[in-house]
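Topology and contacts: notes
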Amino acid sequence: MLMNRMETLVVNSATRRALQRWYEAPLLVNLGGRTPGGRVVEIGCGSGYGTKLILDKFGAVRVDAVDLDPAMIRRAQRRLARHSGRVRLAVGDATDLRAAFGAEDGDYEAVFDFGIIHHIPDWRAALREVARVLPVGGRFFFEEVTATALARPSFRALFDHPKEDRFTAGEFLAELPHHGLHVADRWVTRIGGDYLFGVARRV
Ligand SMILES: C[S@@+](CC[C@H](N)C(=O)[O-])C[C@H]1O[C@@H](n2cnc3c(N)ncnc32)[C@H](O)[C@@H]1O
């Protein structure tokens, strides 16, 4: 589901970029390590700032990055123009990476989700696709917004998200093993009941 105008403003703000650079990326590196030399995919890449961090901070050598919103992919193309040899951008759906990039099973060493799966009506299908494109030992880095946060009056007033079947932190973590994604407590950080950061490994 596409973002509304308010969320687009927030996501494209300098504050969001600072949070992603100085808090989220270091936290995820701390939880799951870097991906030096890796070929990885980012789902819901937005304006491509996360993609740049995946190159710079995680050390990936190639990133495929997909977003449903053509306007966000245009922003990402501008931001990442000088990395075009290492980045492939596509308008597409995170639940079908074959359509976006021709991704075969086990094609990527890691999948990155910076706050996007809560936008997907069939979020379990997104997890199924994440697991499909990872080889055994591949890592899934996630930052997610839970049903608890989405139900807050401020969130409901400002942003649009699918209304049905959103997940709590516990429900998201409990779903991972159904797709062959193993997560341990020490690989997860929760911020209240609202935000969830972690890394799962394909088994
Ligand atoms: C909250 S924004 C996060 C953007 C970026 N990852 C960040 O952290 O700044 C969610 C993004 O997911 C995209 N999106 C929503 N549903 C999607 C889907 N099914 N497949 C791919 N991208 C999707 C939206 O267009 C939007 O750019």
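Residues numbered from 1 in each chain as written. Predicted model: local features only at pLDDT ≥ 70, side-chain atom pairs only at ≥ 80, totals over all residues. Heavy atoms only, no water.

1. Let's talk about the overall build of the chain
As a reminder, the rule being used: Helix and strand labels come from DSSP, where a helix needs a run of H or I of at least four residues and a strand needs a run of E of at least two; each type is numbered from the N terminus. To get the radius of gyration, use the C-alpha atoms; to get the globule rule, take the number of residues to the power 0.38 and multiply by 2.2 Å. When a residue's accessible area, from a 1.4 Å probe over protein chains only, is under 20% of the maximum for its type it is buried; when over 50% it is exposed; and in between it is partly exposed. The contact definition used throughout considers only heavy atoms, calling two residues in contact when any of these lie within 4.5 Å. Residue-level accessible areas treat just the shown protein chains as cover; the underlying method is Shrake-Rupley with a 1.4 Å probe.
On a plain count of helices and strands, the chain comes out with 9 helices and 8 strands. Here the chain has a C-alpha radius of gyration of 15 Å; the compact-globule value for 203 residues is 17 Å, and the two agree. Viewed in the frame of its principal axes, the chain has a C-alpha envelope of about 45 × 35 × 30 Å. In the chain, which comprises 203 residues, the proportion classed as buried is 54%. The long-range fraction of contacts in the chain, counting pairs at least 24 apart against all pairs at least 6 apart in sequence, stands at 71%. Accessible surface computed for the chain: about 9100 Å², of which carbon and sulfur atoms make up 53%.

2. Re a nonpolar patch on the surface
Rule in force here: What goes into a patch is any residue over 30% in relative accessible area without a salt bridge, connected to like charges within 9 Å or, for nonpolar side chains (Val, Leu, Ile, Met, Phe, Trp, Tyr), within 5 Å. The rule for a salt bridge is simple: a side-chain nitrogen of Lys or Arg has to be within 4 Å of a carboxyl oxygen of Asp or Glu.
Together, Met6, Leu9, Val10 and Leu158 give the surface a local cluster of nonpolar side chains, amounting to about 340 Å² of exposed area. Among the elements that line the nonpolar patch, the one with the most residues is helix H1 (residues 5-11), at 3 residues. As for its position among the elements, Val10 is in helix H1. Judged by its relative accessible area of 36%, Val10 is partly exposed.

3. Some words on the side chain of His161
The line we're drawing: For the purposes of these results, a polar contact is taken to be a pair of N or O atoms within 3.5 Å, where, inside protein, one atom must be able to donate a hydrogen and its partner to accept one; residues adjacent in sequence count only when each atom of the pair is a side-chain atom.
By the element assignment, His161 lies in the loop between helix H8 (153-158) and helix H9 (169-175). Polar side-chain contacts of His161 include one of 3.4 Å to the side chain of His119.

4. Looking at helix H3 (residues 49-56)
Of all 8 residues making up H3, 7 are buried, and the element is well covered by its neighbours. Taken together, the buried positions of H3 are occupied by Tyr49, Gly50, Thr51, Lys52, Leu53, Ile54 and Leu55. The inward-facing, buried residues of H3 abut helix H2 (14-32), strand S1 (39-43), strand S2 (62-67), helix H4 (70-79), strand S3 (87-91) and strand S4 (110-114).

5. Focus on the pairing of S3
How we decide: For two strands to pair, DSSP has to find at least two bridges joining them. A clockwise course of the path from the first strand over the helix to the second, judged with the strands pointing away from the viewer, identifies a crossover as right-handed.
In the sheet, S2 pairs with S3 via 5 bridges, with the strands oriented parallel. Note that in S3 the partner of Asp64 across the bridge is Arg88. In the classification by handedness, the crossover that spans S2, the intervening H4 and the parallel S3 is right-handed.

6. What to know about the site of the ligand
Here is the rule we go by: Residues are classed as near a molecule or strand on a simple rule: at least one heavy atom within 4 Å of it. Definitions used throughout: a 1 Å grid over protein atoms alone; a cavity as a set of points that fits a 1.4 Å probe which cannot get out; a pocket as an open set with protein on both sides within 12 Å along at least five of seven lines; a lining residue as one with an atom within 4 Å of a point. Throughout, a molecule is located in a cavity or pocket provided that more than half of its atoms lie within 2 Å of its grid points. Charged means Asp, Glu, Lys or Arg here, nonpolar means Ala, Val, Leu, Ile, Met, Phe, Trp, Tyr, Cys or Pro, and polar covers whatever is left, Gly included.
As a matter of local geometry, the ligand sits amid 21 residues, with Arg16, Gly44, Asp67, Ala94 and Phe114 nearest to it. Contact between the ligand and Leu68: a nitrogen atom at 3.2 Å from a main-chain N or O atom of the residue. In isolation the ligand has 580 Å² of accessible area, and contact with the protein removes 96% of it. The pocket occupied by the ligand, as judged from atoms lying within 2 Å of grid points, is the largest pocket. Looking at the shell around the ligand, the elements with two or more residues in it are H1 and H2. When its residues are assigned to classes, the shell around the ligand shows 10 nonpolar, 6 polar and 5 charged.

7. Points about the pattern of salt bridges
As a working rule, side chains carrying opposite charge can pair if their charged atoms are close by. Under the counting rule described, the total for this entry stands at 12 salt bridges. The salt bridge involving Arg39 is made with Asp64; its shortest N-O contact spans 3.6 Å. Separated by 25 residues along the polypeptide, Arg39 in strand S1 and Asp64 in strand S2 bring together distant segments of the chain. Looking at Arg39, the relative accessible area reads 28%, which means it is partly exposed.

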